[in-house]
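One letter stands for each residue in the lines below.
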Amino acid sequence: MQQAISFERSRLASVAIGATVLGAISGHWALCYAVSGIGLAGYNVWRGTQVARWLSGLRSEPAVYEGLWSFLVSQIHRERQQNRKTRKDFNQLLKRYRDSAEALPDAAVLIDNQRQIQWANRKARELLGIDGVLDRGQRVDNLLRDPGVQQLFEQDDPVRKTQIRSPQDETVRLTLRLSRFGKGALLVAHDISTILAAQEMRQSFVANASHELRTPLTTVTGHLELLLDNPDLDPESERSLRSVSRESSRMLAIVEDLLTLTSLENTQLQDKQCDDIDVAAETASLVDALARSPKASNRRITLAMDPALKLRGRTTEIMSIVQNLLDNALRHSDPDSEITVTWGRNSLGELTLSIQDNGEGIAPEHLHHLTERFYRVDAGRSREFGGTGLGLSIVKHTLNRHDGDLHIASTVGQGSTFTAHFPAERAR
Ligand code: ADP
């Protein structure tokens, strides 16, 4: 650049000197200066016009080889080439993105903040019936009429998820995820029909097997009890019969729990099945009955319950939660320790039902697994108590059906608190 400026300065100096010499020779100073100035300006206008026409695309690149104009032309030329390269790289990158989005096994639909479709891949046509070209600009919720889609837009989480049936084929089930970014969102649909079919097959196998096992097991258990009633039994036979009877009762309990779990998983809770449950009164009568049974005799069970607070839910299911949690508290704490049942609201307005014991407690690494089927911290001891390993799993599923969840707090050697949380909307 410095070179170009120096060149222009010397050109200006040469023109000025030329005009001065001509003025001195001819004596027409003013005329010589005027002609030189106009000549210089005219030259610059001509060069400027060439460059402007080139930039407007009206002519090819001007051949300017000297001074500031040469510098400007080569600078613009370089920038243009750089821009062209950047645009080419960007287009290639965009193409790669589009190709990879087309190759996705999932349907992907890009929408703006008005829920209008901006782009969709090929799979979106197959799974959602959305054509990236023909449906561009249409509102996605006008094309996907499932109520789940509406709910998806109303949820607050950054990544929202729902399940719908494909509008193209009723037998195809999809999970729909909406991820927001900037002023738009990406809607991704994944075909889960095979996973659901396998899950349903597993559930119906477990349900059928449990159903088939229940009748013979009930018969065997009944007969064993009859045999045990025989007063002429020798002690050895009685011991073995008692052991067999205990095991068959345990198997029956597992089968019953499996059937309960299957029915909880496969059915939706209907409002017509629900009542405004007086949790305080129901728990008090359950504890009363429990206190008269051998497993809880002489146990101190303290109730701290809000009698005015009612819960909208299914009485048998809610009371099975209390029963399961109380059974566990009784099994895992000393006979002389206290158990406290609390029912009320927390600071968030949620309804909470807690069962607290001062028992053995649970190490932190087990806490996340406790609601898995057949998970026990100590399988041997659980069997000894007649546990099935399914109690907390049933509690979790029952709570899910009531839009609630289970929180577990425990310290080894100090005790555990199992708290069922229900949303405020279930309060009556
Ligand atoms: P189980 O029939 O074995 O009691 P659950 O699903 O009810 O099955 O409980 C799973 C496991 O959680 C139990 O085996 C036990 O190890 C642990 N657990 C449950 N409740 C308590 C409690 N109150 N205190 C200590 N451990 C508990």
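All figures in this text were calculated on a predicted structure; none of them were measured in a lab.

Counting 35 residues, the largest nonpolar core has L326, W343, L353 and F422 as the members making the most contacts within it. Broken down by secondary-structure element, the contributors of at least two residues to this core are helix 9 (279-291), strand 7 (300-305), helix 10 (315-331), strand 9 (338-345), strand 10 (351-357), helix 13 (391-401) and strand 12 (415-422). Per-element accounting of this core gives the leading share, eight residues, to helix 10. In contact with L326, other than residues within four places in its own chain, are L286, V287, L290, I301, I339, V341 and I355. Membership of the second largest hydrophobic core comes to 22 residues, among which are A120, L152, L178 and A189.

Here the focus is the pattern of salt bridges. In the structure shown here, the tally under the stated rule is 22 salt bridges. The closest approach of N and O atoms between R173 and E200, which form a salt bridge, is 3.1 Å. Separated by 27 residues along the polypeptide, R173 in strand 4 (residues 173-181) and E200 in helix 7 (residues 193-228) bring together distant segments of the chain. Looking at E200, the relative accessible area reads 40%, which means it is partly exposed. The salt bridge partner of R314 is E317, with a shortest N-O separation of 3.2 Å. Relative accessible area serves as the criterion here: at 7%, E317 is assigned to the buried category. Because the salt bridges share partners, they merge into one network encompassing D271, D276, R312 and R428.

Let's shift gears to the packing of aromatic side chains. The relation between two aromatic rings is expressed through the spacing of the ring centres and the mutual angle of the planes. Enumeration over the complete set of coordinates arrives at two aromatic pairs. Taking 6.0 Å as the distance between ring centres and 55° as the angle between the ring planes, the aromatic pair formed by Y43 and W46 counts as tilted. Here Y43 pairs with W46, and both are found in helix 2 (residues 29-55), just three residues apart, close to one helical turn. Accessibility expressed as a relative area gives 46% for W46, which makes it partly exposed. For the cation-ring pair, R80 lies above W54, with the distance from its terminal atom to the ring centre recorded as 5.1 Å.

Moving on, we get to the environment of L128. Topologically, L128 is positioned in helix 4 (residues 122-128). When the C-alpha atoms of L128 and A107 are compared, they prove to be 7.5 Å apart, with 21 residues separating the residues in sequence. Not counting residues within four places of it along the chain, the set of residues in contact with L128 comprises A107, V109, K123, L144, I164, P167, Q168, L174, L176 and A189.

The next thing to look at is the site of the ligand. The immediate surroundings of the ligand are formed by 19 residues, with N328, S382, T388, G389 and L392 found nearest. At 2.8 Å from an oxygen atom of the ligand is found a main-chain nitrogen or oxygen belonging to L392. When isolated, the ligand has an accessible area of 530 Å², and the protein chains bury 97% of it. If you list the elements that add at least two residues to the shell around the ligand, you get helix 10, helix 13 and strand 12. For the shell around the ligand, the leading source of residues is helix 10, giving three residues. In the shell around the ligand, the residues fall into eight nonpolar, eight polar and three charged.

The domains assigned to the chain are domain 1 (2-98), domain 2 (104-191), domain 3 (195-266) and domain 4 (272-426). With centres defined by C-alpha atoms, the gap from domain 1 to domain 2 works out at 55 Å.

Taken together, the side chains of I17, V21 and I25 present a nonpolar region at the surface, about 320 Å² in accessible area. Summarising the element assignment, I17 is placed in helix 1 (residues 2-26).

Let us look at the pairing of strand 5 (residues 184-191). Bridge count for strand 1 (residues 107-112) against strand 5 is six bridges, and the pairing is antiparallel. When the sheet's bridge partners are listed, D112 is paired in strand 5 with G184. Strand direction decides the pairing type here: strand 4 and strand 5, joined by eight bridges, are antiparallel. Its bridge partner being in strand 5, L178 is matched across the sheet by L187.

Reading across from one edge, 7-9-10-12-11 is the order of the five strands in this open sheet, with mixed pairing throughout. Looking at strand neighbours, the two that pair on one side only are strand 7 and strand 11 (405-411), the edges of this open sheet. Pairwise comparison of adjacent strand axes, ignoring direction, gives a mean angle of 10° for this sheet. Direction of pairing for strand 11 relative to strand 12: antiparallel, over a ladder of seven bridges.

Reading the values: the criteria
Counting of residues starts from 1 at the beginning of each chain's written sequence and follows it residue by residue. Where local features are concerned, this predicted model is filtered to residues with pLDDT of at least 70; where side-chain atom pairs are given and counted, the filter is 80 or more; whole-chain, interface and lining totals use all residues. Derived side-chain values reflect all non-hydrogen atoms in the structure, with water molecules and hydrogen atoms excluded from consideration. Definition used in this section: a nonpolar core is a set of buried Ala, Val, Leu, Ile, Met, Phe, Trp, Tyr and Cys residues joined via side-chain atoms within 4.5 Å. Burial classes follow relative accessibility: with a 1.4 Å probe on protein chains only, a residue under 20% of its type's maximum area counts as buried, one over 50% as exposed, and anything between as partly exposed. Only runs of H or I of at least four residues qualify as helices and only runs of E of at least two qualify as strands under DSSP, and these elements are numbered from the N terminus. Contacts between residues were defined by any pair of non-hydrogen atoms, one from each residue, lying within 4.5 Å. Take a side-chain nitrogen of Lys or Arg and a carboxyl oxygen of Asp or Glu: if they are within 4 Å of each other, that pair is a salt bridge. Only rings of Phe, Tyr and Trp enter the pairing, Trp through its six-membered ring, and a pair is recorded when the two centres are within 6.5 Å. The plane angle decides the type: under 30 degrees is stacked, over 60 is edge-to-face, the rest tilted. Either the NZ atom of lysine or the CZ atom of arginine qualifies as a charge over a ring when it sits within 6 Å of the ring centre and within 35 degrees of the ring normal. Nearness here has a simple test: a residue counts as near a molecule or strand if at least one of its heavy atoms is within 4 Å of that partner. Nitrogen and oxygen atoms within 3.5 Å of one another constitute a polar contact, given that in protein one can donate a hydrogen and the other can accept it, and given that sequence-neighbouring residues count only through two side-chain atoms. Throughout, the Shrake-Rupley method with a 1.4 Å probe supplies accessible areas, and for residues the shown protein chains are the sole cover considered. The nonpolar class holds Ala, Val, Leu, Ile, Met, Phe, Trp, Tyr, Cys and Pro. Asp, Glu, Lys and Arg form the charged class, and all remaining residues, Gly among them, are polar. Residue ranges for the domains originate in an automatic or database domain assignment. Patches draw on residues past 30% relative accessible area with no salt bridge. Two like charges within 9 Å are joined, as are two nonpolar side chains (Val, Leu, Ile, Met, Phe, Trp, Tyr) within 5 Å. Two strands are counted as paired when DSSP detects at least two bridges linking them. Simply put, an axis is a line fit to the C-alpha atoms, just over the touching stretch for a helix, and the angle between two N-to-C directions goes from 0 to 180 degrees.

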